[in-house]
Amino acid sequence: MDEARSIGAGDLRVLHHPVLGDLPVSRPVQITVDGQPLVAREGEAIAAALLAHGILVCRTMPRGREPRGLFCALGRCTDCLMTVDGEPNVRACLTPVREGQDIWTQAGLGRWEGPAG
Amino acid sequence: MKSTAIAVIGAGPAGIAAALAAAEAGAAVTLIDEHPAVGGQLRWRIAPLRGLDDALDGLPVCRAAETLHERLAAADVSVLTGAVAWGLFEDGCLAVATPGGSFLLQAEKIVVATGSVDLVLPFPGWTLPGVMTARAAQIMLHLHRVLPGRRVAVVGEGPDAAEIVHDLEMAGAEVVLRAADPAQVVASGEGRVERVSANGERREANAVVIALGRQPDPELALQAQVDLGYSTRLDCHLPLRSELLETSRPGLYVAGEAAGAVDLAESFAEGRLAGLAAAGATLERIAAAQEALARARSPERSAEVDRLRPGSPGEARPETGVGTPWASWAEAAAAGGQDDALAQVALCRCEQVTIGEVRQAIEEGAVTINDIKRRTRAGMGLCQGIFCARAMALLLHASRGIPLSEIVPMTERPPTRPIPLASLVEVEE
Ligand SMILES: Cc1cc2nc3c(=O)[nH]c(=O)nc-3n(C[C@H](O)[C@H](O)[C@H](O)COP(=O)(O)OP(=O)(O)OC[C@H]3O[C@@H](n4cnc5c(N)ncnc54)[C@H](O)[C@@H]3O)c2cc1C
Ligand code: FES
């Protein structure tokens, strides 16, 4: 893993910004998404960590397994529902990443699997 | 049950101004916002601020949010962030959900300052991952420092679209296509956006940003069934308000974009007036706040506000014509049979109800939004219709000729958010 990735700087990370300045160094937070390890930035929303690494799909819909991802980022549309640590219907756009979080793409209405571990 | 003299819902510029003013007038104030920090839309915008006060003007908008937070801390306002007000019941009783569960809050006066959400309209491919609202794009760019994509198409025109184009380019994304009219846009790809076409141009793109403008979101006031009037500028219904911004329900005020305020300066000035009025401040203070509000409004907006007073039904939209760019969308949506490009497109994202199914419900006799809802489930999903009610109204208008002013918003019921069932059980008494 190169250094950029280890500070949570995925492909789509804005490292330099003319108004906001350089991306501050943050503590890396280790999460897994569909079983794959991924490094996120402390304090960010799950959906942001995923998007930074080019992962766009959060859930599939009951009808036709249509994929959905971040749409409103406000907690209103529920297109970003994921199963997090066994709990279904967690809004990835509002929920911050946490060390060791186990995140799964949610199929349909999700299924309660109890806390992982 | 917890209680407070004044509950302010929404900590954007309007809610913050209301809370500060009410506290200044000596009232006990609770300010509630569902986001983790105060500031509302200020938190993720970086354009230079204009029209608030000398200490703030010129700062990037997001820095002003920090300053306002300091002012709240200095005033004696109790601030609850990460808390959604999901129900407004009789006699000023609010249901509030936090990650730790729900509680009831009894308030003598309530100021609803819940702002707006982005206006969206369906086009083929609009449910693909990679398609998002302008606000989502700003939140990703500025709060989380992530590009929505490297190659982005922007749908919409006007100042909000211009701002997001500028934001995207400043952060290093390439805006590969701009389209004013959502009726002309098609996004496609395998499981995510890969291509976008509009007006005969076709580009490879990995994100589409919808920037059609904003729509007021006075959900809690709608739950309280306040009297509404029609705004022809926004093509939607708004709460009718007295000179002091009180609705037809005594003690319930609406301020800021939730009531149709045009910009930040007006939202801030409305918030201050509502806060002072709710706290029963002195007449001198209230008069000064009214003057400041009048200065923050354009003559057109002042005239609109006068039409939206109790006892006047706003202004009826002429039978034909809807504000652009929605007119051509409405026509296209109403025109097709069952197999045109729009028939299979979801109108209601949550319940996956297609435009074709809504057309059919209208053909079979649906004449109100509630009719469509009952027949198709459109608008019954978790978003409570906030992202589809406008499209339904336009489709009804264009296919049946019903003036938009006569299409009443759908009935709002608590909860206004998809809160966990456990929250309902846990409401502490
Ligand atoms: C792209 C863009 C460009 C803009 N450009 C300009 C400009 O150039 N000049 C200008 O003056 N203005 C501009 N604005 C508008 C300006 O940001 C708004 O006028 C202002 O933010 C409105 O303030 P408000 O307090 O009414 O609402 P908001 O800022 O939207 O705040 C509402 C708050 O209420 C909270 N909330 C909603 N419902 C609930 C609930 N049920 N429970 C708890 N909390 C809730 C929300 O989380 C939010 O924090 C722009 C906006 C955008 C998006
Ligand atoms: S993106 Fe809309 S709820 Fe999360």
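Notes on the structure in this doc start here.

What counts and what doesn't
- Residues numbered from 1 in each chain as written.
- Chains lettered and ligands numbered in written order.
- Predicted model: local features only at pLDDT ≥ 70, side-chain atom pairs only at ≥ 80, totals over all residues.
- Heavy atoms only, no water.
- Helix = DSSP H or I, 4+ residues; strand = E, 2+ residues; numbered from the N terminus.
- Contact = heavy atoms within 4.5 Å.
- Areas by Shrake-Rupley, 256 points an atom, 1.4 Å probe, with all protein chains shown as cover.
- Pairing = 2+ DSSP bridges.
- Axes fitted to C-alpha atoms, helices over the stretch in contact; angles between N-to-C directions.
- Parallel < 35°, antiparallel > 145°, perpendicular 65-115°, else oblique.
- Left-handed = near helix turned anticlockwise from the far one by under 90°.

## Overview of the overall build of chain A
- When you go through chain A residue by residue, the secondary structure sums to two helices and nine strands.
- Reading chain A from its N terminus to its C terminus gives the helix and strand order α-β-β-β-β-α-β-β-β-β-β.
- Sequence-distant contacts, at least 24 apart, represent 46% of the contacts inside chain A between residues at least 6 apart.
- With an accessible surface of roughly 5300 Å², chain A has 54% of that area assigned to carbon and sulfur atoms.

## Section: the sheet that holds strand E14 (residues 207-210) of chain B
All names here are of chain B.
- With parallel pairing, the four strands of this open sheet are ordered in space as E8-E14-E9-E10. Where the open sheet ends on each side, the last strands, each with one partner, are strand E8 (131-133) and strand E10 (174-179). The mean inter-strand angle of the sheet, taken between neighbouring strand axes irrespective of direction, is 25°.
- Contacting strand E9 (151-155), E10 and E14, helix H4 (residues 159-170) runs over the sheet at an angle of about 160° to E10.

## Things to note about the packing of helix H9 (residues 326-335) of chain B against helix H12 (residues 389-400) of chain B
Residues and elements named next belong to chain B.
- At a closest axis distance of 8 Å, the pairing of H9 and H12 adopts a crossing angle of 70°. The angle between H9 and H12 places the two elements in the roughly perpendicular class. Where H9 crosses over H12, the handedness of that crossing is right-handed. Here H9 contributes Trp-326, Trp-329, Ala-330, Glu-331, Ala-333 and Ala-334 to the contact with H12, which in turn contributes Arg-390, Ala-391, Leu-394, Leu-395, Ala-398 and Ser-399.

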